[in-house]
Amino acid sequence: MTLLHPDRLFPAEPGTRAIARELYEAVKDAPIISPHGHCEPKWFAENAPFPDPARLFVVPDHYIFRMLVSQGVPMTDLGVPRVDGGETSQDARRIWRLFAEHYHLFRGTPTRMWVDHAFETVFGVTERLTADNADRIYDQIAERLTDDDYRPRALFDRFNIQLLATTDGALDDLTHHKTIRESGWGGNVVPTYRPDAVMDPEYEGFAENVEQLGRLTGEDTATWDGYLAAHRKRRAYFQEFGATATDHGHLTARTENLPPDQCGVLFEKCVSGRATADEADAFRAQMLTEMARMSVEDGMTLQIHAGSVRNHSADVMAKHGRDKGFDIPQRTDYVHALRPLLDAVGMEPNLTVIPFTLDETVYSRELAPLAGVYPALTLGPPWWFYDSFEGMMRFREQTGETAGIYNTAGFNDDTRAFCSIPARHDVARRADCHWLSTLVADHRIGKDEAHEMAAALTNGLVKKAYNL
Amino acid sequence: MTLLHPDRLFPAEPGTRAIARELYEAVKDAPIISPHGHCEPKWFAENAPFPDPARLFVVPDHYIFRMLVSQGVPMTDLGVPRVDGGETSQDARRIWRLFAEHYHLFRGTPTRMWVDHAFETVFGVTERLTADNADRIYDQIAERLTDDDYRPRALFDRFNIQLLATTDGALDDLTHHKTIRESGWGGNVVPTYRPDAVMDPEYEGFAENVEQLGRLTGEDTATWDGYLAAHRKRRAYFQEFGATATDHGHLTARTENLPPDQCGVLFEKCVSGRATADEADAFRAQMLTEMARMSVEDGMTLQIHAGSVRNHSADVMAKHGRDKGFDIPQRTDYVHALRPLLDAVGMEPNLTVIPFTLDETVYSRELAPLAGVYPALTLGPPWWFYDSFEGMMRFREQTGETAGIYNTAGFNDDTRAFCSIPARHDVARRADCHWLSTLVADHRIGKDEAHEMAAALTNGLVKKAYNL
Amino acid sequence: MTLLHPDRLFPAEPGTRAIARELYEAVKDAPIISPHGHCEPKWFAENAPFPDPARLFVVPDHYIFRMLVSQGVPMTDLGVPRVDGGETSQDARRIWRLFAEHYHLFRGTPTRMWVDHAFETVFGVTERLTADNADRIYDQIAERLTDDDYRPRALFDRFNIQLLATTDGALDDLTHHKTIRESGWGGNVVPTYRPDAVMDPEYEGFAENVEQLGRLTGEDTATWDGYLAAHRKRRAYFQEFGATATDHGHLTARTENLPPDQCGVLFEKCVSGRATADEADAFRAQMLTEMARMSVEDGMTLQIHAGSVRNHSADVMAKHGRDKGFDIPQRTDYVHALRPLLDAVGMEPNLTVIPFTLDETVYSRELAPLAGVYPALTLGPPWWFYDSFEGMMRFREQTGETAGIYNTAGFNDDTRAFCSIPARHDVARRADCHWLSTLVADHRIGKDEAHEMAAALTNGLVKKAYNL
């Protein structure tokens, strides 16, 4: 019995499937490069065992618990932590049973593929999860988790991860990264500079955060110039720990390119709390351009994750806080939004700006045409709800003809579900080989080219995009 | 000779086709459940014969006559009724010939499949309609229509319809439904509460409609509370006749969740004719939330059909009135529009709100993410222009990975073309089996799962969504 | 060795591929009708040899040089002309080598297919271009270009072009067209009336252009009526040279239908330079409706190319000017935008208005529903970034079920790359046959119908749409 068919996600037509198999065979064992994600550096610093199957698979993974919530299962029954002081289930086995009873909901979703892949390849589970075998599988995984071979570092090595980037606040002291570096363990875990808390005037505690940025760097962050200088120092600090990229999560992709004196005035309004909503937005927009300018100087890649309406349910936000599956995409413009930044630095040949989108309509209309002409732009892979087989197909079909593959950045797993990393990269490799096999089958490219492209999509492009 | 190939709409690749066939075989004969549509209850109350082929197929079906109009055939030549007192063709045979001469226009459209299906399965016509055989086919259908076996109730039974919901104004006395119930005939025809005329301040005669609502219910509909109470009574009245759902046709999906006192003020402005366009819109928006609250109380499913710009041609509207094929979709937002309603009742586990859309871009970006987390939301099937093979494929491919199938509501035929009902359900079943067969073929799901999913898509989900 | 596989772009499934082959076989040799494009009439008037491989393939083709620019190759290294007086490479061989070194960037793009097709069918090159064979291929093409058989007229004949429309300013005296007509050469090259310079108040030199329009026609273009009369005369002048269409490139698809007195006031503001941005936009919008009214009179087809944000990079615009690959699509509305024009003339059975779009989201949502009911509307083929295999598939899949094929206008190559014309038409024919073969394979249409549709898509529809 097995959960994973060797031909999964390949085209049904036998001739094309054979091509996909051949391409996949050549890239399937390539090391994993994960240049953007949300794993905790603490896991690798402390190397403590993961607690139990429910807290490994269900409780922290919004892909999973949101689906159960959508069918009426209360979050508290699933052990999702509360911020309002109320109770939430602590019964790991009961949480697991709920997951198992509802596992059919994931039919046809990427989550199903990720979980099955982790079950079989990480924990040796080869039965499909059901209400009936829930306890048995729980026990099997729970037992493995007590084994040292299932601690974070051992799994990291077993997963053949060549590099894993975490995402870290600008004020983070990177203690865990320091610990990892000093531990003698060979795993390459690097931070990413994510300065939302000191760049977004509407972020909780923005003014104090900016002050703290000053204290950390010895710069006078009460002034625009000092504030910029402080960013430069923090970026350099992150680079010491191997960071090669920054990351920015904004509601829109708006950028601005204002004259320095206007920037100063805007900054002052923001730190003094007198900025209007539009001014705050303009400040965030301006800061993307400033970050891009610093990237030209220090070589860090700039990632823009735009378009998520965060915390859509006020009720869930009040009870459970952020990142609980209630972030919903909205229509997002790039053609006008990115123009100021591109006017400033878009023709820089050595800059890499990576836009991500949750609005697939921009693939062919805006992002591919932009990336297909501006040297500074490289397209991020399908993100979040689109980190899926169909999502990847649409991305390639809708960007490939205008931007080609060489203006794209390879794959990002972008996950906080550590055990899903091999599964996600495997799905991406299979999807890429599927797509390439169709181009070979209808003679748009030669098989020799497809092999080169598969290698590029697996590792070449991500290394280039993130300067690895 | 035959019009219908047994493998139509199945994948071309033989292995996948075999899977599709097997899945379809198990669901093809399941009874039809039609929880939303526009058949006339009068047909089943009176059970009079349908008049003639042209008045059955062409004159009342905007899918058909709009295509001929697009190629320059005047509506009056097609017998489309006029509201301006002018003449329109009464010559059924001449209308039919026009239809036959232009039948090639429908190549590749769902209409072609529906008509061929009705021709062959209902009327035994097995030749493709052409100018040459137009008269012969006309005669064949006309002759059958004189037969008692072709009256509405007989066809209803022959079509194996388990339930058919009509759409009825809030002020409708449901006489025909009463007649059906009292007739002793076993057909299950139920009404749907569609209160646009008493909920939309811009509806013709709104104020008088609201007064009439008061008279019908004995409530004081001059007050906000009385108005709401009147809705409650009418909903209960509809439920007596088997209604399990309400339906709302709005230009946008806007909802509001205003405090009661503001609602009262808004209501007063609307009934007194002093509301601005935006206030009228806010009132409609607020009423969706009120309807949802009542649904929590009385268990009725709430359907929102949003995004159609009605009566696009002023000229056609003046000559022929509403529903004449000149309703054109517009870009529609759901993520912001539904938020107030979802804040109010989105986490209710026993409420079912079904959004429909004419803007396919929201499938993956907004609707699937929303339905994949809010317990109260269930996605309506592809609507109107998307009630088609390609439309259904896009719907599954673009919602299935985020919402799965279990947050969708099965199929709606939404038609006023009675004879097309079996055809439309057959297309939906074939499309679902096609889609499922591709997931089996590339090993995303097992065949056992596909069988369960096919059954759910055919009947299980629609029963759940409409409390049947 | 060969670059072109006979089955390229056909479905992989053998049964479906056989159908596609059969359909293609019947249309592949049909003459080319090119009713919209940007070839220079001068080429055919003077019939001078094309200069060299780089200036034929690379320098004038923004599809090609933009891809190299996107990877950091400076425009000046590619010989792209400058408007700022700076230097640009004049070394054709060096430009060619750059092209060859970067040829892998085009893998999977339509450009790759076009270039390979031109290489093999026009120049007998059967090796894939690489850095290694760059010089050899350069020499081979360069040598051919010195041959009289490779002059524009000879190629025109060899390409089997039945009609080629150029695009010409309203003030153009059509000298080259006159020369062609008087030359005795049989090639049918006709102009298209493109009056942007005298219709867009924001066009450089608009007021003077309008004056010149007056001088050319003897009309008093200081008045609204005289201005309209002047357009009528110029249209008639263009028709003398075979023109059957006008063309309009606007940022949006906005139309207006204002009363004549308001038009007069608006016109006066525009020519006197006192129009606001919105008034200028309203004027352009009104003029589309005026052009449509003139089309009802004189039978010319009206083409609207909307939605391109031109010259996105201010820097590139300053250095290199217009049409340098920096035109990026934006979200575009048609349902509201076209309504005034359609209210005025949409029901005219003999008018043909052809909208083109760079926003694929409107295919199924707006354009197909509009074209599927208004007699005056016919959909233009996939444009620019969508003149590609995947783009064509999406167009058919997303418009075919609502508008059918008979409300579409066949293929446009819309190119200034003369040698790519046969390639582009070949891709379109293959894509159409691919699409039709899938409809035959799943029994949506019969093979006899597919043959008729393939012929219509190849030549029938374009002749009808452009009155040829």
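Residues numbered from 1 in each chain as written. Chains lettered and ligands numbered in written order. Predicted model: local features only at pLDDT ≥ 70, side-chain atom pairs only at ≥ 80, totals over all residues. Heavy atoms only, no water.

Q: Just checking my understanding: could you explain the overall build of chain A for this structure?
A: Regarding its fold elements, chain A presents 20 helices and ten strands. Relative to the globule expectation of 23 Å for 468 residues, the C-alpha radius of gyration of chain A, 22 Å, shows essentially globular dimensions. Overall, the C-alpha framework of chain A stretches about 70 × 60 × 45 Å when taken along its three principal axes. Put simply, chain A has 468 residues, and 64% of those count as buried. Working note: accessible area of chain A is about 15500 Å², and carbon and sulfur atoms make up 47% of it. Computed over 49 positive and 70 negative side-chain charges, the separation of the two mean positions in chain A equals 3 Å. (Helix = DSSP H or I, 4+ residues; strand = E, 2+ residues; numbered from the N terminus. Rg over C-alpha atoms; globule rule 2.2 N^0.38 Å. Buried < 20%, exposed > 50% of the residue type's maximum accessible area, 1.4 Å probe, protein only. Areas by Shrake-Rupley, 256 points an atom, 1.4 Å probe, with all protein chains shown as cover. Lys, Arg positive; Asp, Glu negative; His and termini not counted. Charge placed at Lys NZ, Arg CZ, Asp CG, Glu CD.)

Q: Would you mind showing me how to read the interface of chain B and chain C here?
A: Often, the extent of an interface is quoted as the loss of accessible area upon association of its parts. On the side of chain C, 44 residues touch chain B, which itself brings 49 residues to the contact. Carbon and sulfur atoms supply 52% of the area buried between chain B and chain C, which totals about 3900 Å² over both sides. Considering only the side of chain B, the residues that lose the most area to chain C are B:Arg107, B:His312 and B:Arg331, jointly responsible for 20% of the buried surface there. One can count seven salt bridges joining chain B with chain C. Note that B:Arg128 and C:Asp448 form a salt bridge whose closest N and O atoms lie 3.0 Å from each other. Between the two partners, chain B and chain C, sit 32 residue pairs in polar contact (both at pLDDT 80 or more). Of all the secondary structure elements, the ones that give two or more residues to the side of chain B that touches chain C are helix H1 (14-27), helix H4 (62-70), helix H6 (110-123), helix H15 (314-320), strand S9 (328-329) and helix H18 (389-403) of chain B. Of the residues assigned to the side of chain B that touches chain C, the class counts are 19 nonpolar, 15 polar and 15 charged. (Contact = heavy atoms within 4.5 Å. Buried area = accessible area lost by both parts, 1.4 Å probe. Salt bridge = Lys/Arg side-chain N within 4 Å of Asp/Glu carboxyl O. Polar contact = N/O pair within 3.5 Å; in protein donor to acceptor, adjacent residues only side chain to side chain. Nonpolar A, V, L, I, M, F, W, Y, C, P; charged D, E, K, R; others polar.)

Q: Where do I start with the environment of A:Val83 in this structure?
A: Residue and element names in this part refer to chain A. Within the secondary structure layout, valine 83 lies in the loop between helix H4 (62-70) and helix H5 (92-101). Valine 83 sits in the exposed class, given a relative accessible area of 55%. Apart from residues lying up to four places away in sequence, valine 83 is in contact with Met317, Ala318, Lys319, His320 and Gly321.

Q: Sorry if this is basic, but what is going on with helix H5 (residues 92-101) of chain B here?
A: For the α-helix, the turn length of 3.6 residues means that residues three or four positions removed from each other point alike. Taken residue by residue, H5(B) has B:Ala92, B:Ile95, B:Trp96, B:Leu98, B:Phe99 and B:Ala100 as its buried positions. Where H5(B) is buried, its residues contact helix H3 (53-58), H4, H6 and helix H7 (134-145) of chain B.

Q: What should I look at first to understand the packing of helix H18 (residues 389-403) of chain A against helix H18 (residues 389-403) of chain C in this one?
A: Where H18(A) contacts H18(C), the axes come no closer than 9 Å and their chain directions differ by 135°. In terms of orientation, H18(A) lies oblique with respect to H18(C). Only C:Phe389, C:Glu390, C:Gly391 and C:Arg394 of H18(C) make contact with H18(A), whose side of the interface consists of A:Glu397, A:Gln398 and A:Glu401. Considered class by class, the residues forming the contact of H18(A) with H18(C) number one nonpolar, two polar and four charged. (Axes fitted to C-alpha atoms, helices over the stretch in contact; angles between N-to-C directions. Parallel < 35°, antiparallel > 145°, perpendicular 65-115°, else oblique.)

Q: Explanation requested: the interface of chain A and chain B in the structure shown.
A: Residue-level contacts link 49 residues of chain A with 44 residues of chain B. Regarding the contact of chain A and chain B, the summed buried area is about 3900 Å², with carbon and sulfur atoms giving 52% of it. Interface area lost by chain A to chain B is led by A:Arg107, A:His312 and A:Arg331, which between them contribute 20%. Linking chain A with chain B are seven salt bridges. The shortest N-O distance in the salt bridge between A:Asp359 and B:Arg365 comes to 3.0 Å. At the boundary of chain A and chain B, one finds 31 residue pairs in polar contact (both at pLDDT 80 or more). Along the lines of polarity and charge, the residues of the side of chain A that touches chain B split into 19 nonpolar, 15 polar and 15 charged.

Q: Mind showing me how you'd approach the sheet that holds strand S4 (residues 189-190) of chain C here?
A: Strand pairs in the sheet, formed through backbone hydrogen bonds, run parallel or antiparallel to each other. Residues and elements named next belong to chain C. One open sheet holds the three strands; their spatial order is S1-S2-S4, and the pairing between them is parallel. Looking along the sheet, the strands with just one partner apiece sit at the ends: strand S1 (32-34) and S4. Where S1 meets strand S2 (residues 161-165), three bridges bridge the pair, whose relative direction is parallel. Its bridge partner lying in S2, isoleucine 33 is registered against leucine 163. Helix H19 (residues 421-441) rests against S1 and S2 of the sheet, and its axis sits at about 105° to S1. (Pairing = 2+ DSSP bridges.)

Q: Help me understand the relation of the copies chain B and chain C, please; the structure alone is not making it clear to me.
A: The relation between the two copies of this chain is a rotation about an axis and a shift parallel to it. With an RMSD of 0.0 Å, the fit of chain B onto chain C corresponds to turning through 120° and sliding 0.0 Å along the axis. Here the two chains are linked by the operation of a three-fold rotation axis. Taking C-alpha positions as the reference, the residue of chain B nearest the rotation axis is B:Glu13, at 3.5 Å. (Least-squares fit on C-alpha atoms with pLDDT ≥ 70 in both.)

Q: Explanation requested: the packing of aromatic side chains in the structure shown.
A: Here the distance between the centres and the angle between the planes together describe a pair of aromatic rings. Throughout the structure, instances matching the rule amount to 105 aromatic pairs over all chains. With a centroid separation of 5.9 Å and 50° between ring planes, the pair formed by B:Trp224 and B:Phe267 is classed as tilted. With B:Trp224 in helix H12 (residues 224-240) and B:Phe267 in helix H13 (residues 260-271), the pair connects residues that are 43 residues apart, well separated along the chain. Three or more aromatic residues link up through ring pairs in this structure, and these residues are A:Phe57, A:Trp96, A:Phe99, A:Tyr103, A:Phe106, A:Phe119, A:Phe123, A:Tyr138 and A:Tyr150. (Phe/Tyr/Trp six-rings, centres within 6.5 Å; stacked < 30°, edge-to-face > 60°.)

Q: How should the pattern of salt bridges be read in this particular structure?
A: Opposite charge on two side chains makes pairing possible when the charged atoms of those side chains draw close. Counting across every chain of the model gives 129 salt bridges over all chains. With a closest N to O distance of 3.2 Å, B:Arg444 and A:Glu390 form a salt bridge. With B:Arg444 in the loop between helix H19 (421-441) and helix H20 (447-465) and A:Glu390 in helix H18, this residue pair bridges two chains. Taken individually, B:Arg444 and A:Glu390 each receive the classification buried, so the pair is uniform in this respect. Through salt bridges with shared partners, a single network forms among A:Arg107, A:Arg112, A:Asp116, A:Arg128, B:Asp448, B:Glu449 and B:Glu452.

Q: Honestly, the relation of the copies chain A and chain B in this entry has me stumped. Any pointers?
A: Overlaying chain A on chain B yields an RMSD of 0.0 Å, the required transformation being a rotation through 120° with an accompanying axial translation of 0.0 Å. With a heterologous cut-off of 20% or less, the 6% of interface residues of chain A that recur at the interface of chain B puts this contact in the heterologous class.

Q: Mind showing me how you'd approach the side chain of C:Asn209 here?
A: As for its placement among the helices and strands, C:Asn209 is situated in helix H11 (residues 206-217). If we skip the residues at most four places from it in the chain, C:Asn209 touches C:Leu171, C:Ala197, C:Val198, C:Tyr203 and C:Glu204.

Q: I would appreciate a short explanation of the sheet that holds strand S1 (residues 32-34) of chain B in the present structure.
A: All names here are of chain B. The sheet built from three strands is open, its strands ordered S1-S2-S4 with parallel pairing. Two strands lie at the open edges of the sheet, namely S1 and strand S4 (189-190), each paired on one side alone. Note: strand S2 (residues 161-165) against S4, two bridges, orientation parallel. Looking at S4, one finds that leucine 164 is bridged to valine 189. Running over the sheet, H19 touches S1 and S2 and is turned about 105° from S1.

Q: Before we go on, may I ask you to explain the domain arrangement of chain A in this structure?
A: All names here are of chain A. Examined at the domain level, chain A breaks down into domain 1 (14-49 + 152-465) and domain 2 (50-150). For domain 1 versus domain 2, the separation of C-alpha centres amounts to 28 Å. A buried area of about 2500 Å², summed over both sides, lies between domain 1 and domain 2, and 66% of it is on carbon and sulfur atoms. Taken together, the links from domain 1 to domain 2 amount to zero salt bridges. (Domains from an automatic or database assignment.)

Q: In this structure, what is going on with helix H11 (residues 206-217) of chain B? I would like to understand it.
A: All names here are of chain B. The end-to-end C-alpha distance of H11 is 17 Å, a good match for the 16 Å that twelve residues give at a rise of 1.5 Å each. For H11, every residue scored as buried is listed here: Phe206, Asn209, Val210, Leu213, Gly214 and Thr217. Buried residues of H11, viewed axially, fall in a sector of 150°; they line one side. Contacts from the buried residues of H11 go to helix H10 (196-199), H12, H13 and helix H14 (277-298). A positive backbone phi angle near 70° is found at glycine 218, which sits one or two residues after H11. (Expected span 1.5 Å × (residues − 1). Arc of directions from axis to C-beta.)

Q: For this particular structure, what's the right way to read unusual backbone geometry?
A: The general pattern is negative phi for most residues beyond glycine and trans for most peptide bonds. Positive phi outside glycine occurs at A:His443, with the angle close to 65°. Along the chain, A:His443 turns up in the loop between helix H19 (421-441) and helix H20 (447-465). Despite not being glycine, C:Leu174 shows a phi value in the positive range, around 60°. Here C:Leu174 shows up in the loop between strand S3 (168-169) and helix H9 (175-182). The class of C:Leu174 is buried, set by a relative accessible area of 0%.

Q: Sorry, what's going on with the pairing of strand S10 (residues 353-356) of chain A here?
A: Consecutive side chains along a regular strand alternate between the two faces of the sheet. Residue and element names in this part refer to chain A. Burial along S10 is two-sided: the face carrying Val353 and Pro355 and the face carrying Ile354 and Phe356 are both buried. Sheet topology note: the strand S7 (residues 301-306)/S10 ladder contains four bridges and is parallel. Considered in S10, the bridge of isoleucine 304 is made with proline 355.

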